[in-house]
2 protein chains.
Amino acid sequence: MTRLLAAAGLALFTTGPAAAETATGSELRGTGDLGVVIERASGSVALVDTTRREVLRHVGGFGDLSHASVKFSRDARYAFVFGRDGGLTKLDLLTGEIAGRVIQSGNSIGGAISQDGRFVAVGNYEPGGVKVFDSETLALVADVPADYEKADGSIAQAKVVGVVDAPGNRFVFSLFEAGEIWTLDMSGDEPVLDKHRDVGQEPYDALISGNGRYYIAGLFGEDGMALLDLWHPEKGVERILPGYGRGEERLPVYKMPHLEGWAMAGDLAFFPAVGRHEVLVADSDNWSLVGRIPVQGQPIFVMSRPDERQVWVTFAHPDNGRVQVIDTQTLEVIETLEPGESILHKEFTPRGEHIWISARDSNQVVVYDTRTFEELARLPAESPSGIFFTHRAHQIGL
Amino acid sequence: MTRLLAAAGLALFTTGPAAAETATGSELRGTGDLGVVIERASGSVALVDTTRREVLRHVGGFGDLSHASVKFSRDARYAFVFGRDGGLTKLDLLTGEIAGRVIQSGNSIGGAISQDGRFVAVGNYEPGGVKVFDSETLALVADVPADYEKADGSIAQAKVVGVVDAPGNRFVFSLFEAGEIWTLDMSGDEPVLDKHRDVGQEPYDALISGNGRYYIAGLFGEDGMALLDLWHPEKGVERILPGYGRGEERLPVYKMPHLEGWAMAGDLAFFPAVGRHEVLVADSDNWSLVGRIPVQGQPIFVMSRPDERQVWVTFAHPDNGRVQVIDTQTLEVIETLEPGESILHKEFTPRGEHIWISARDSNQVVVYDTRTFEELARLPAESPSGIFFTHRAHQIGL
């Protein structure tokens, strides 16, 4: 390597820090470096700036955010916040004002925004089903009950989990009690529903690959996962990683793992094992289990850095004070961090240079450099949980 | 499939069109659906909105844009326009005003923005070399001459091509006459340069994979490409697809192909063959040539739809009135479109539902639905060439 300053003919210039700006009520600004942190105890969110690494303001009025997730409009101006109380709230990131709010069910688990940005779909627990709203007006566009036939022949509604968007303006989701995966095609004049039955016991969450091809639901009622190839739905749903527990007794499950995000590196996919202190590694060519990485607790979120060179893992109680980093080449844990108490969620900056981690019981969001593991900032937030940055607006399945 | 309207218990509601807004001089708006179209003859750009599919305004004062490219600030508010006259111009997308401009060389070919957004690097033809600027102020930060030793022992400057950003706040670029690939690490207090020599004859352009791992330079002086694995720079540069012309005579090359964008689908990568009516298909596991797809002209831009299911190809004169679409599963051309005269560039919307195509001699940008191939809009633009949307701000190498 050549130290540039020592190289002939090479000049180095220094510049001052960037001009400080003030976060005003309706500042003219780009929305590409904004984000939302859920403040679960107070039903509020913290609006954050990932360039300055600052909280711009706190906004209240979202109802029950004890479980919540967020999607963004295609112009990256608005956040759609899905609350536990069935509330769907549209937040204007530029003014900090709530631009719309509907209580659309008794209990919801999350949702998705369509490829073209026109529709917001919400998956509901109580009653089960999916409702689709116009993203501009929050007017109801379609109501899809999650009816299924029980063993005794009666009809019931299932809880809907794992709602994602897929190319072709489709939504894909899973029915917990029914063990089914449905797709909802919103591309034509009329929505079209397609049902895959007997996909496995109790799908509890799901993810979709970055190209929108593979929808994978985790199964709670059995060891394994259900895979739907959306390029070939006619092939039906395939069971993958069956029996990964190999008959060993499962530990008590303190918290359901999440499949949000897609931890993928080259041909390898990384998943949390339910009730085990392991991250599972699958070969995405044939979805066979090729590795188990021992970690320090039950994994909850297993997310890959955008450049796929690291996988970051958060854990269930009582091991939720630590975060571990796996090297995707050696498949070994290379770092253990202790950002604070009750780590709930994390989010990479779009190109992966930083990660933001919420430490609920420390009332802090901690920012790290992902290359050096240096702590860069500690921001105040009220019982922070989910962290979501606006670049998700532009990605399939996020 | 179930037609939802016919399904029991399912309701469909209609909503009105989105409220029309006016594009004012300094409108409070999200910047996630903005873009820039280069107007090459007039040295101006058209600011566009991809949701409304409209030109918001035309902005002049960019100098010579007969060859130009664009990068975006990490907040997606500013565009950095690299012009043929060596001008680096910073455009405020919200106000339409030029926020800064420097003539930094006599002739430049393009540039990149660092992972952390702080630095803009420009690759120059005349004189050769790379200059790095502060993205806030456009102050010069580092000046890297592209010195190399010629066969006669004298020192000359090479044209710099294929400048991209890579994780770790690095820039990677190629030296045309020298046949070298250099990396410039901006992560520390001092920039650090690393040189790979004898990579092949006349690298003319380059791309980096979406995860920032593989840097691939096309070679003009020989059939083949040069591959640098940035996870393992110690392994040096490997030659791939050697002799893909198999001794057959090359057609006269009317226009250099571009390697911007990364046409990748699963394990397959798609490249333009220089001087041949073929798109080359390589297996990204070992970079061997696994297919040649006959197309209707000499390919220039070979770009994959974000969901990787299609690859869209533009062509050199005299076949530049048509665009072809390849199915990445069958490796066959499935559609040929004729958007207008002299097709120069194209850009997918972030999630791939639409494509925008510039038809220079028709003075139009044409928007298509990528699923149905339906034409959605025809927008006026003065000799349009490059099209760039703001979601590039959030992607490695774009």
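Criteria and cut-off values
- Residues numbered from 1 in each chain as written.
- Chains lettered and ligands numbered in written order.
- Predicted model: local features only at pLDDT ≥ 70, side-chain atom pairs only at ≥ 80, totals over all residues.
- Heavy atoms only, no water.
- Contact = heavy atoms within 4.5 Å.
- Buried area = accessible area lost by both parts, 1.4 Å probe.
- Salt bridge = Lys/Arg side-chain N within 4 Å of Asp/Glu carboxyl O.
- Polar contact = N/O pair within 3.5 Å; in protein donor to acceptor, adjacent residues only side chain to side chain.
- Nonpolar A, V, L, I, M, F, W, Y, C, P; charged D, E, K, R; others polar.
- Buried < 20%, exposed > 50% of the residue type's maximum accessible area, 1.4 Å probe, protein only.
- Helix = DSSP H or I, 4+ residues; strand = E, 2+ residues; numbered from the N terminus.
- Pairing = 2+ DSSP bridges.
- Phe/Tyr/Trp six-rings, centres within 6.5 Å; stacked < 30°, edge-to-face > 60°.
- Axes fitted to C-alpha atoms, helices over the stretch in contact; angles between N-to-C directions.
- Least-squares fit on C-alpha atoms with pLDDT ≥ 70 in both.
- pLDDT = per-residue confidence, 0-100.

An unreviewed UniProt entry lists chain A under the name Protein nirF, with Billgrantia sulfidoxydans given as the organism.

Visitor: Explain the interface of chain B and chain A here, please?
Guide: The parts lose accessible area when they come together, and the size of an interface is often stated as this lost area. Contacts between the two partners involve 78 residues from chain B and, on the opposite side, 78 residues from chain A. Both sides of the chain B and chain A interface together cover about 6700 Å² of buried area, and 54% of this is carbon and sulfur. Area buried by chain B at its contact with chain A is led by Leu28(B), Arg74(B) and Arg351(B), which between them contribute 14% of it. The interface formed by chain B and chain A includes 4 salt bridges. Note that Glu353(A) and Arg74(B) form a salt bridge whose closest N and O atoms lie 3.4 Å from each other. Linking chain B with chain A are 25 residue pairs in polar contact (both at pLDDT 80 or more). In the side of chain B that touches chain A, the residues fall into 29 nonpolar, 25 polar and 24 charged.

Visitor: Even after reading the chapter, I still don't get the pairing of strand β20 (residues 203–208) of chain B, so can you show me in this structure?
Guide: Residues in a regular strand project their side chains so that they alternate between the two faces of the sheet. All names here are of chain B. With 6 of its 6 residues buried, β20 lies for the most part within the structure. Relative to strand β21 (residues 214–219), β20 runs antiparallel, the two being bridged by 5 bridges. Paired with Asp205 across the strands is Gly218, a residue of β21. Counting the residues between successive antiparallel strands, the hairpin from β20 to β21 contains 5 residues, one of them, Gly212, with a positive phi of roughly 75 degrees.

Visitor: What is the right way to read the packing of aromatic side chains from this model?
Guide: The geometry of two aromatic rings is summed up by the distance between their centres and the angle between their planes. Residue and element names in this part refer to chain A. In this structure the tally under the stated criterion is 12 aromatic pairs over all chains. Plain terms: the ring middles of Tyr214 and Trp287 are 5.2 Å apart, the flat faces sit at 70 degrees to each other, and that makes the pair edge-to-face. Of this pair, Tyr214 sits in strand β21 (residues 214–219) while Trp287 sits in the loop between β26 (278–283) and β27 (288–294), placing them 73 residues apart in sequence. Among the residues examined, Tyr214 registers a relative accessible area of 19% and is labelled buried. The interplanar angle of 45 degrees and the centroid separation of 6.0 Å between the aromatic rings of Trp312 and Phe373 together place this pair among those described as tilted. Residue Trp312 is found in strand β29 (residues 310–315), and its partner Phe373 is found in the loop between β34 (364–369) and β35 (375–380); the two are separated by 61 residues along the sequence. Take Trp312: its relative accessible area is 0%, and that puts it in the buried class.

Visitor: Explain the sheet that holds strand β26 (residues 278–283) of chain B to me, please; I cannot follow it from the model alone.
Guide: In any sheet, the strands associate via hydrogen bonds between backbone groups, in a parallel or an antiparallel arrangement. Residues and elements named next belong to chain B. Within the open sheet, the 4 strands sit side by side as β24-β25-β26-β27. Their pairing is antiparallel. On the outer flanks of this sheet lie β24 (263–265) and β27 (288–294), each paired with one strand and no other. Neighbouring strand axes in the sheet, compared pairwise and without regard to direction, differ in orientation by 25 degrees on average. Across 5 bridges, the pairing between strand β25 (residues 268–272) and β26 is antiparallel. Across the sheet, residue Ala269 finds its bridge partner in β26, namely Ala282.

Visitor: Before we go on, may I ask you to explain the sheet that holds strand β3 (residues 34–39) of chain A in this structure?
Guide: Residue and element names in this part refer to chain A. Taken in spatial order, the 4 strands of this open sheet run β5-β4-β3-β36, and their pairing is antiparallel. Only two strands of the sheet have a single partner each, and these edge strands are β5 (54–59) and β36 (384–389). Averaged over all pairs of adjacent strands, the angle between their axes in this sheet comes to 25 degrees, without regard to strand direction.

Visitor: Honestly, the relation of the copies chain B and chain A in this entry has me stumped. Any pointers?
Guide: Note on the chain copies: they are related by a rotation about an axis and a translation along it. Its rotation angle being 180 degrees, the transformation that places chain B on chain A also includes 0.0 Å of axial translation and leaves an RMSD of 0.0 Å. Considering both components of the superposition, the chain copies are consistent with a two-fold axis. A high fraction, 100%, of the interface residues of chain B reappear at the interface in chain A, so the copies pair face to face through one surface.

Visitor: Looking at this model, I keep getting lost on the confidence of the model for chain A. Mind explaining?
Guide: Parts of the model with low pLDDT should not have their predicted coordinates read in detail. Residues and elements named next belong to chain A. Considering every residue of chain A, the mean pLDDT works out to 90; 90% of them sit at 70 or more. Predicted confidence for residues 1–24 stays below pLDDT 50, and this span has 46 contacts to residues more than four positions away or in other chains. Predicted complex metrics record ipTM = 0.92 and pTM = 0.92.

Visitor: Explain the environment of Phe80(B) to me, please; I cannot follow it from the model alone.
Guide: Residues and elements named next belong to chain B. Take Phe80: it is sitting in strand β7 (residues 78–82). Between the C-alpha atoms of Phe80 and Gly111, which are 31 residues apart in sequence, the distance is 9.0 Å. Not counting residues within four places of it along the chain, the set of residues in contact with Phe80 comprises Ser69, Val70, Lys71, Phe72, Ser73, Leu88, Thr89, Lys90, Ile113, Val120, Ser135 and Leu138.

Visitor: Hey, could you run me through the environment of His394(A) in this one?
Guide: All names here are of chain A. Mapped onto the fold, His394 is located in the segment after β36. Residue class for His394 comes out buried when judged on its relative accessible area of 6%. A C-alpha to C-alpha distance of 6.8 Å links His394 and Arg74, two positions 320 residues apart in sequence.

Visitor: Got a minute to help me understand the side chain of Arg74(A) in this structure?
Guide: Mapped onto the elements of the fold, Arg74(A) is located in the loop between β6 (69–72) and β7 (78–82). Arg74(A) sits in the buried class, given a relative accessible area of 13%. Polar side-chain contacts of Arg74(A) include one of 2.8 Å to the side chain of Thr51(B). At a separation of 3.4 Å, a polar atom in the side chain of Arg74(A) contacts the side chain of Glu353(B). For Arg74(A), the contacting residues outside a window of four places in its chain are Asp116(A), Gly117(A), Ala393(A), His394(A), Gly32(B), Asp33(B), Thr50(B), Thr51(B), Thr349(B), Pro350(B) and Glu353(B).

Visitor: Looking at this structure, how should I read the side chain of Arg305(B)?
Guide: All names here are of chain B. One can find Arg305 in the loop between β28 (299–304) and β29 (310–315). From its side chain, Arg305 meets the backbone oxygen of Thr370 in a polar contact 3.2 Å long. Not counting chain neighbours up to four residues away, the residues in contact with Arg305 comprise Gln310, Phe348, Gly352, Thr370 and Arg371.

Visitor: Explain the pairing of strand β31 (residues 332–337) of chain B to me, please; I cannot follow it from the model alone.
Guide: All names here are of chain B. Note: strand β30 (residues 323–327) against β31, 5 bridges, orientation antiparallel. Residue pairing in the sheet places Ile326 in a bridge with Val333 of β31. Taking the residues between adjacent antiparallel strands as the criterion, β30 and β31 are bridged by 4 residues, where Leu331 takes a positive phi near 60 degrees.

Visitor: How should unusual backbone geometry be read in this particular structure?
Guide: Trans is the common state for peptide bonds, and a negative phi is the common state for residues other than glycine. In this chain, Glu126(B) is followed by Pro127(B) through a cis amide linkage whose omega measures -10 degrees. The residue Pro127(B) is located in the loop between β11 (119–126) and β12 (129–134) in this model. With an omega of 5 degrees, the peptide bond running from His317(B) to Pro318(B) counts as cis. Within the fold, Pro318(B) resides in the loop between β29 and β30. For Glu202(A), which is not a glycine, the phi torsion comes out positive at approximately 55 degrees. As for its position among the elements, Glu202(A) is in the loop between β19 (192–196) and β20 (203–208). The phi dihedral of Leu331(A) is positive, around 60 degrees, even though this residue is not glycine. Checked against the element boundaries, Leu331(A) lands in the loop between β30 (323–327) and β31 (332–337). Under the relative-accessibility criterion, Leu331(A) is labelled partly exposed at 26%.

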